[in-house]
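Breakdown of the fold
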Amino acid sequence: MSCVLCESDGGLVVARTPQFRVIRVVDGDEARRFPAFYRLIWNAHVAEFSDLPDTDRHACMDAVTEIERVLRSLLAPTKINLAALGNVVPHLHWHVIARFEWDSHFPAPVWAAPQRDEVAGGAAARLAQPLAAVDAAIAQALSCRC
């Protein structure tokens, strides 16, 4: 069976540990509309969160929590969306997405129809911090897990 998340990093790698990697989505509509869209991707191919042993589940959720904290601290989003769907790619990964009242889909989910036109000049231009600084802060927050 072929798995895109086993075969590639899945985006721009921000942090990597023996258990997981954190990427920022940099391609396609998701990156353009939601520039602070991150994924924590479990390195081993497992489909369900409950497939992980207790210690790995705790490590996974601790990392998701740290990513959320960094996004909230640096970007002051209206809301953070967390999701672990896996319907299309059945490889354990968590979406951690900073959402803003001005984004094209807010308050609807990122996968719903847009609620308004996209931000003129690009959504990334509206962020309180450059994405490279956010990436570095996430890597620093997770560095004790390496």
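The coordinates are above.
Since we're looking at a predicted model, the values are computed, not measured.

A few words now on the layout of surface pockets. A volume near 240 Å³ is recorded for the largest pocket. Every residue lining the largest pocket is counted, 14 residues in all, and those nearest its centre are R39, V88, V89, H93 and H95. Going through the elements one at a time, α1 (4-7) and β5 (93-99) are the ones with two or more residues in the lining of the largest pocket. When its residues are assigned to classes, the lining of the largest pocket shows six nonpolar, six polar and two charged.

Attention now moves to the sheet that holds strand β2 (residues 20-24). Taken in spatial order, the five strands line up as β1-β2-β3-β5-β4 in an open sheet, and their pairing is antiparallel. Looking at strand neighbours, the two that pair on one side only are β1 (12-16) and β4 (79-83), the edges of this open sheet. On average, each strand axis in the sheet is inclined to that of its neighbour by 20°, with strand direction left out of account. Direction of pairing for β1 relative to β2: antiparallel, over a ladder of four bridges. The residue of β2 that forms the bridge with V13 is I23. Relative to β5, helix α3 (residues 54-75) is tilted by about 15°, and along the sheet it contacts β2, β3 (37-42), β4 and β5.

Let's shift gears to the pairing of β3. Counting buried positions along β3 yields six of six residues, so the element is predominantly enclosed. Here β3 shows a buried face lined by F37, R39 and I41 and a second buried face lined by Y38, L40 and W42. Strand direction decides the pairing type here: β2 and β3, joined by five bridges, are antiparallel. Note on β3: the bridge partner recorded for V22 is L40. Two strands pair when backbone bridges link them, and β3 and β5 are joined in this way by five bridges, in the antiparallel orientation. From the neighbouring strand, I41 faces β5, where its bridge partner is H93.

The next subject is helix α4 (residues 131-142). Counted at 1.5 Å a residue, the expected span for α4 with its 12 residues is 16 Å, and the 17 Å between its end C-alpha atoms agrees. Every buried residue of α4 is listed here: L131, V134, D135, I138 and L142. One side of α4 holds all its buried residues, which, seen down the axis, span an arc of 100°. Counted as exposed and oriented over 90 degrees from the buried face of α4: A132 and Q140. Considering only its buried residues, α4 is in contact with β1, β2, β3 and α3.

Reading guide: rules and limits
- Residues numbered from 1 in each chain as written.
- Predicted model: local features only at pLDDT ≥ 70, side-chain atom pairs only at ≥ 80, totals over all residues.
- Heavy atoms only, no water.
- 1 Å grid on protein atoms, 1.4 Å probe; cavity = no way out; pocket = protein on both sides within 12 Å on 5 of 7 lines; lining within 4 Å.
- Points joined across faces, edges and corners; volume = space filled by probe spheres on them.
- Helix = DSSP H or I, 4+ residues; strand = E, 2+ residues; numbered from the N terminus.
- Nonpolar A, V, L, I, M, F, W, Y, C, P; charged D, E, K, R; others polar.
- Pairing = 2+ DSSP bridges.
- Axes fitted to C-alpha atoms, helices over the stretch in contact; angles between N-to-C directions.
- Contact = heavy atoms within 4.5 Å.
- Buried < 20%, exposed > 50% of the residue type's maximum accessible area, 1.4 Å probe, protein only.
- Expected span 1.5 Å × (residues − 1).
- Arc of directions from axis to C-beta.

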